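Residue strings, one per chain:
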Amino acid sequence: MTRASLITGGIRAAAATLLATLLLPACSESPHADRVFTNGHILTIDEQERVASALAIKDGKILAIGTHGEISALAGARTETIDLNGKAVLPGFIAVHEHPAISAVFRNFVDMSGFRHRTAAEAWRALDSAIATTPEGEWVYAMGLDPVLLEGLQLPDRNRLDEIAPHNPVFILAQSMHTAWVNSAALAAMEIDEQSPDPGEGSYYGRDTDGRLDGTLVEKPALEPFLAVHKNPLKVSAAYADVLTDLRQAGYTSVASLGFNVPAWLARWASSENLQPRIRQFFYYRGDNLNKLAGAPDHDGDFFRVRGAKFWYDGSPYSGSMVVEQPYTDSQLARQLGIAHDSHGEPVILPEALRSQIEALNARGWQIATHVQGDRAAQEFLQILQQVYENLPEAEQQAFIARRHRLEHGLLLGKDMLPVFARLGLSPSFHINHLYYYGDALNSQLLGPERSEQMLPLKSAFALGMHPTLHSDSPMFPAEPFSLMQTAITRRSRAGTPVGEAEALRPQQALRTMTINAAWQLGMEKEIGSLEVGKRADLVILDRNPLTTPVGEWRDIKVVQTLLDGR
């Protein structure tokens, strides 16, 4: 045997020994629990919505749930006992539609958002400061510009950005992430001029009345070339790990990333701490990465799984690219956002192309999540799904329903469409904080009160057993689970205006949207999403019991700790 083979064999033997050592705790034959939690409020979120006072964990799974006496009896000499002292324990929250990779990219941008700044002047000062400290010729990237969150904000054009940054290319992304503004230096750097054709697929370059580019970019095909340099995995690795840390601290134990994703190896590395995963990740691919879905799904990973594909059918209500039956309201805000009064929006992808993609991916067993905001977009998407379903043999129709295809955001999803969507197995994930942050603007300036009252039909989706969920679409909105749930229960804007109160949820239903319903949408309801014996011990410990806390104070509930597989 050669020296090299001896060394290789030794390394393999050492690795096998290490692996066996790491697995010993999971193979423990002790009848006692590893950890017990007592003297608390254990909200199981099971079918009976039971509440207990104590819980036991063994080998990363829930061993028992019950009274203090029942659970204390499972403690041994090596069992760790945690006195909750009245705190609440829930299943770890599941962020079912977020963009952690994009959040990582934007950590290096100048933050001009209304979440960071109180006034428009303050936001512009942040950009001025960044330009002043950036060497001539280097890019300045900013994000978060929003005239709704920053009252009195005047959106920039190419001329204004040329004035404030004559020697630097500048790119500013809207809070909605569907629009951006650039100066002449940025257009020149990307070799875009007045003769450049629009990218198409609902995406275009804004122009003034003379046909000159005004520096506005609308929708992803126009935006992505400007962002490509920031998507280098090595540049975002540390920031991606920080984003996952933020999610854990907010109470999430699982996150689904829809759209742009870091490589799988980086996702696994970023979620590892002391050789152990600290959050579950689920990827949905889009664009060029769809070629990674050439085969059938592999559901073997406990902490990382690829679930399927993400598509955009229409765009944003704040860029005029949401596809609607009736045109947008003619208002000062609409004109400021560049939305023409007679605009109905247009699809980002042609219906035939989307139908073809759904047919191919569904046949291979993949789940499909589709961005649909407008009422007409929802109707057209429903027609596409019906065509795909009806063209399948009867046996394959049942498989289609079992895929649990998803509709994302659903701002103007009509509740009259829900029964048909439900028969096709579709499940909606609602972008609920449109109501909180933009409810007043949508009601009075963009859609009008009649349409606003019909937005986001959560209660109706629950009544049909569609397993609806909530999401923040971060980095568009902060990934704060109790903010989402409070909005779903109160249906009130940040100013306190009621919006569509008929579709308000009960507190117990709101909790289900972030736990067991989200687990169901990800095909994980038998493993996570509720606290039941045999399920994974993914937990969040809270400083108080949500069910005894006034709903108006849910945003004040604090996360004390999160546990993944009991760790």
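The structure this text deals with has already been given above.
This structure is a prediction, so every number in the text was calculated from the model and none was measured.

Draft legend 1. Just helix α8 (residues 233–249), in detail. Over its 17 residues, α8 extends 24 Å from the first C-alpha to the last, a length consistent with the 24 Å expected when each residue adds 1.5 Å. Buried within α8 are the following residues: Val236, Ser237, Ala239, Tyr240, Ala241, Val243, Leu244, Leu247 and Arg248. Those residues of α8 hidden inside the fold are in contact with α3 (100–106), β15 (252–258), α9 (264–270), β18 (280–285) and β25 (559–563). Note on α8: the residue one or two positions beyond its end, glycine 251, has a positive phi of about 105°.

Draft legend 2. Broad picture of unusual backbone geometry. A cis geometry characterises the amide bond from serine 474 onward to proline 475, with omega recorded as 15°. Its place among the elements puts proline 475 in the loop between β23 (469–470) and α18 (481–490). Unusually for a residue other than glycine, aspartate 59 sits at a positive phi of about 55°. With respect to the secondary-structure elements, aspartate 59 resides in the loop between β4 (54–58) and β5 (61–66).

Draft legend 3. Up close: the environment of glycine 215. Following the sequence through the fold, glycine 215 ends up in strand β14 (residues 213–218). For glycine 215, a relative accessible area of 3% corresponds to the buried category. For the pair glycine 215 and methionine 476, spaced 261 residues apart in sequence, the C-alpha to C-alpha distance is 22 Å. Beyond its immediate chain neighbours, meaning those up to four positions away, glycine 215 contacts Arg158, Ala180, Trp181, Val182 and Gly206.

Draft legend 4. Here's a closer look at the sheet that holds strand β1 (residues 35–38). If you trace the 4 strands from one edge of the open sheet to the other, you get β5-β4-β1-β6, paired in mixed fashion. The sheet is open, and its two borders are formed by β5 and β6 (80–83), each paired with just one other strand. In this sheet, adjacent strand axes meet at a mean angle of 15° when their direction is disregarded. Here 5 bridges tie β4 to β5, and the two strands are oriented antiparallel to one another. Its bridge partner lying in β5, lysine 58 is registered against lysine 61.

Draft legend 5. A look at helix α11 (residues 351–363). Helix length check: α11 (13 residues) gives 18 Å between terminal C-alpha atoms against 18 Å at 1.5 Å per residue, within 8%. Within α11 the residues assigned to the buried category are Leu354, Ile358, Leu361 and Asn362. Around the axis of α11, the buried residues are gathered within 95° of arc, so they sit on the same side. For α11, the elements touching its buried residues are β19 (304–312), β20 (367–372), α12 (375–390) and α13 (394–402). Directly after α11, the chain includes glycine 365, whose backbone phi takes a positive value near 95°.

Draft legend 6. Representation of the sheet that holds β20 in the model. Pairing within the open sheet is parallel, and its 8 strands lie in the order β8-β15-β18-β19-β20-β21-β22-β23. On the outer flanks of this sheet lie β8 (93–98) and β23, each paired with one strand and no other. When β20 meets strand β21 (residues 406–409), the two strands line up parallel, connected through 4 bridges. Across the sheet, the residue bridging to histidine 371 is glutamate 408, located in β21.

Draft legend 7. Representation of the packing of α12 against α13 in the model. Where α12 contacts α13, the two axes come as close as 9 Å, and the packing angle between them is 140°. The angle between α12 and α13 places the two elements in the oblique class. On the side of α12, the interface is formed by Leu385, Val388, Tyr389 and Glu390, while α13 contributes Gln397, Gln398, Phe400 and Ile401. For the contact of α12 with α13, the per-class residue count stands at 5 nonpolar, 2 polar and 1 charged.

Draft legend 8. Seen up close, the pattern of salt bridges. Counted under the stated rule, the structure contains 19 salt bridges. Between glutamate 532 and lysine 535 there is a salt bridge; the shortest N-O distance is 3.6 Å. What makes lysine 535 buried here is its relative accessible area of 7%. For arginine 544, the salt bridge is made with aspartate 543, and the minimal N-O distance between the two is 3.1 Å. One continuous salt-bridge network, built from bridges that share partners, spans Arg280, Asp302, Arg536, Asp538 and Asp565.

Rules used in this analysis
Counting of residues starts from 1 at the beginning of each chain's written sequence and follows it residue by residue. Given that this is a predicted model, residues contribute local features only at a pLDDT of at least 70 and side-chain atom pairs are listed and counted only at 80 or more, while totals for whole chains, interfaces and linings are drawn from all residues. To get the side-chain values, take all heavy atoms of the structure and skip hydrogens and water. Helix numbering and strand numbering both begin at the N terminus, where a helix is a DSSP run of H or I of at least 4 residues and a strand a DSSP run of E of at least 2. Helix span, as expected, comes to 1.5 Å for every residue beyond the first. The classification of residues rests on relative accessible area computed with a 1.4 Å probe and restricted to protein chains. Under 20% of the type maximum is buried, over 50% is exposed, and intermediate values are partly exposed. Two residues qualify as a contact provided that any one of their heavy atoms is within 4.5 Å of a heavy atom in the partner residue. In this scheme, strands are said to pair when DSSP sees at least two bridges between them. The convention used is that axes are lines fitted to C-alpha atoms, helices contributing only their stretch in contact, and that angles between N-to-C directions extend from 0 to 180 degrees. Arc definition: directions from the helix axis to the C-beta atoms. In these notes the angle categories are as follows: under 35 degrees is roughly parallel, over 145 is roughly antiparallel, 65 to 115 is roughly perpendicular, and the rest is oblique. Each residue gets one label: Ala, Val, Leu, Ile, Met, Phe, Trp, Tyr, Cys and Pro are nonpolar, Asp, Glu, Lys and Arg are charged, and the others, such as Gly, are polar. A pairing counts as a salt bridge when a side-chain nitrogen of Lys or Arg comes within 4 Å of a carboxyl oxygen of Asp or Glu.

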